[in-house]
Amino acid sequence: MSLSFPDNFIYGAATSSFQIEGSYLIDGAAPSNWYNFSVNNLGIPSEVLNHKGCKHYINWKNDVQLIHELSLNSYRFSVSWPRIIPDKDQLPNSKGLDFYDHLVDELHRFNISPMLTLFHWDLPQHLEDQGGWANPESIEWYLHFVETVADRLADRVPAWITINEPWVFLHLGMIKGIHAPGYKDLKHAASSYKNILMAHSEAVRILRSYNNCSEIGISCNISPFTPETDSREDVEACQRIHDYHNKLFLDAWHKGDIPEIASQVFGKHTPKWNSEELRILQEPIDFIGVNYYTFFRVRYDPHAFLQARSAPPRPPLTDMKWEVYPRGLFKALEWIYNRYHTEIYITENGCAYTYEPSNSGEVTDNRRIDYMYRHLEQCSMAISNGIPLKGYYAWSLLDNFEWTFALNKRFGLIHVDFDTQKRTIKNSGYFYRDFINGKTEKPDHVRSDVINQYEGVVWHDDINFRAI
Ligand code: GCO
């Protein structure tokens, strides 16, 4: 059986500035918090950051050509804030703006519609030094950046994402300390939580004033969670994690009300809000971008944050040790739509598997094809169930810099030799191209039964989600 999608369905791939660009300090750009964190906390040499990896800042034309070869009708990328506004004087850097200007024009030349993410985690370091998102002035800093980018690009970019995965950079960056800026500071995180919420809503209002910004949304990582056992402790632990992970931001924006879980997390640091702020929060958006990779089983642990932790994942696993569970994508879409009633894009979905090119230059990444097909299948089911899913962006276009894992996890549809920058379209890239062009039947090696042929394990049937 083949899958069917609406004619105007968007097929894209996604990247982000710090993960692909390289050359972070040239043409007037300043270091970002991720640049400094990578060098100082992760011990990644600046030489690797600037001159290995994808070097998209240099190779961008070739990369657009590859997007075209894959038949994608859209491309999601992010703009590097420290390239655009590098200094304390807050003046725009014209070379930084030119880079994205040329990129957008080149995309249009191939009829590829740009989807632009304004903030995908790379904050200018000089702003981080002034307290970053915890400083109430961060809202103004961000809006100035938003306006600067929109002034230059709004006439040619129809789809805008204000912020990518606020929960991730808040939780991993400011509570767990394992992402930039590397704090374990609830007070800092609590102030940031409020400022990020406000910054998004104010940015939506500003973007609305540009006629061509027809679609404005937010990207959030959404995971279904399920308790590991039926015990009351596990079920309640699961509910807390679900509320924290999935609702912390979206409920606040949707309802103009701060969810109860915020005070459990931030305790005495929980920010205060006045009625005007709560009203501003509810600025309507056009879509929610769902970033979906995996799901989690949760168990009670009295010593853990929120007295909950994730139970060990079960195979099949990707190289990230993330459990492959395509049905979870459907569950996430269904939950988002039932709760927030917006249109939806999948703004990221993908898997890390390492496959190197063979002598003949072929990259036979069959497990990625398997992963993609099974997730696209869930998209098709979601659409036939009436969920307004408008498009799918694979993560990622290119193998790239995977945050704390640096260059050691490969998510791309295109293989990148990080020393030479040679690009090779993987078989998954060709599969996706053919799928977009109408070849939507199940590939031969994606078996129709429930046995995963690569790892010999049984696919999970529909897990009974208690919390989502
Ligand atoms: C994120 C980011 C991406 C990651 C991807 C794989 O969602 O964490 O948007 O930058 O690379 O999710 O981890």
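An account of the accompanying structure is given in this report. As the structure is a computational prediction, the values presented were derived from the model and not from experiment. Per-chain numbering applies: the sequence of each chain, read as written, is numbered from 1 onward. The predicted nature of this model means local features are confined to residues of pLDDT at least 70 and side-chain atom pairs, given and counted, to a pLDDT of 80 or more, with totals for whole chains, interfaces and linings taken over all residues. Here the side-chain values reflect all heavy atoms present in the structure, with hydrogen atoms and water set aside.

**Description of the environment of P181**
Here is step 1 of the chain: Here a strand is any run of E in DSSP of at least two residues, a helix any run of H or I of at least four, and the numbering for each starts at the N terminus. Along the polypeptide, P181 turns up in the loop between α9 (166–175) and α10 (186–208).
Here is step 2 of the chain: Relative accessibility thresholds used throughout: buried, under 20% of the residue-type maximum; exposed, over 50%; partly exposed, between the two (1.4 Å probe, protein chains only). Judged by relative accessible area, P181 falls into the buried class, the value being 16%.
Here is step 3 of the chain: Each C-alpha atom, one on P181 and one on S32, is 9.8 Å from the other, the two residues being 149 residues apart in sequence.
Here is step 4 of the chain: Contact definition: two residues touch when any of their heavy atoms are within 4.5 Å. Setting aside anything within four residues of it in sequence, one finds P181 in contact with F37, E128, G173 and M174.

**Here's the deal with the nonpolar core**
Here is step 1 of the chain: The criterion is simple. A nonpolar core is a set of buried Ala, Val, Leu, Ile, Met, Phe, Trp, Tyr and Cys residues joined through side-chain atoms within 4.5 Å. Core analysis: the largest hydrophobic core is formed by 143 residues, its most contacted members being W81, W133, Y142, W160, Y193 and Y432.
Here is step 2 of the chain: Core analysis: the next-biggest nonpolar cluster, separate from the first, contains 19 residues, Y293, V324, Y355 and V363 among them.

**Re the pattern of salt bridges**
Here is step 1 of the chain: Should a side-chain nitrogen of Lys or Arg be within 4 Å of a carboxyl oxygen of Asp or Glu, the pair is scored as a salt bridge. In the structure shown here, the tally under the stated rule is 29 salt bridges.
Here is step 2 of the chain: The salt bridge involving K52 is made with D419; its shortest N-O contact spans 2.8 Å. Residue K52 is located in the loop between α3 (46–51) and α4 (56–69), and its partner D419 is located in the loop between β12 (414–416) and β13 (423–425); the two are separated by 367 residues in the primary sequence.
Here is step 3 of the chain: Across the pair K247 and D243 runs a salt bridge whose closest N-O atoms are separated by 2.8 Å. A residue pair is termed a helical-turn pair when its members lie 3 or 4 positions apart in one helix, as K247 and D243 do in helix α11 (residues 232–247) at four residues. The residues K247 and D243 share a single accessibility class, namely buried.
Here is step 4 of the chain: A single salt-bridge network, built from bridges that share partners, covers D98, D101, D105, R152, D155 and R156.

**A few points about empty space enclosed by the protein**
Here is step 1 of the chain: Whether a set of points on the 1 Å grid over the protein atoms alone is a cavity depends on a 1.4 Å probe fitting there but being unable to get out, while an open set qualifies as a pocket with protein on both sides within 12 Å along at least five of seven lines; lining residues are those with an atom within 4 Å of a point. Grid points are joined across faces, edges and corners, and a volume is the space filled by probe spheres set on the points. Going through the model one piece at a time under the given rule, you end up with seven cavities of 30 Å³ or more.
Here is step 2 of the chain: Its boundaries defined by the atoms lining it, the largest cavity holds a volume of some 80 Å³.
Here is step 3 of the chain: Along the walls of the largest cavity sit 13 residues, with Y24, L49, K52, G53 and F401 positioned nearest its centre.
Here is step 4 of the chain: Listed by contribution, the elements that provide at least two residues to the lining of the largest cavity are α1 (17–20) and α3.
Here is step 5 of the chain: Looking at which element gives the most residues to the lining of the largest cavity, the answer is α1, with three residues.
Here is step 6 of the chain: All amino acids are sorted into three groups, where Ala, Val, Leu, Ile, Met, Phe, Trp, Tyr, Cys and Pro are nonpolar, Asp, Glu, Lys and Arg are charged, and the leftover types, Gly among them, are polar. Residue composition of the lining of the largest cavity, grouped by class: eight nonpolar, three polar and two charged.

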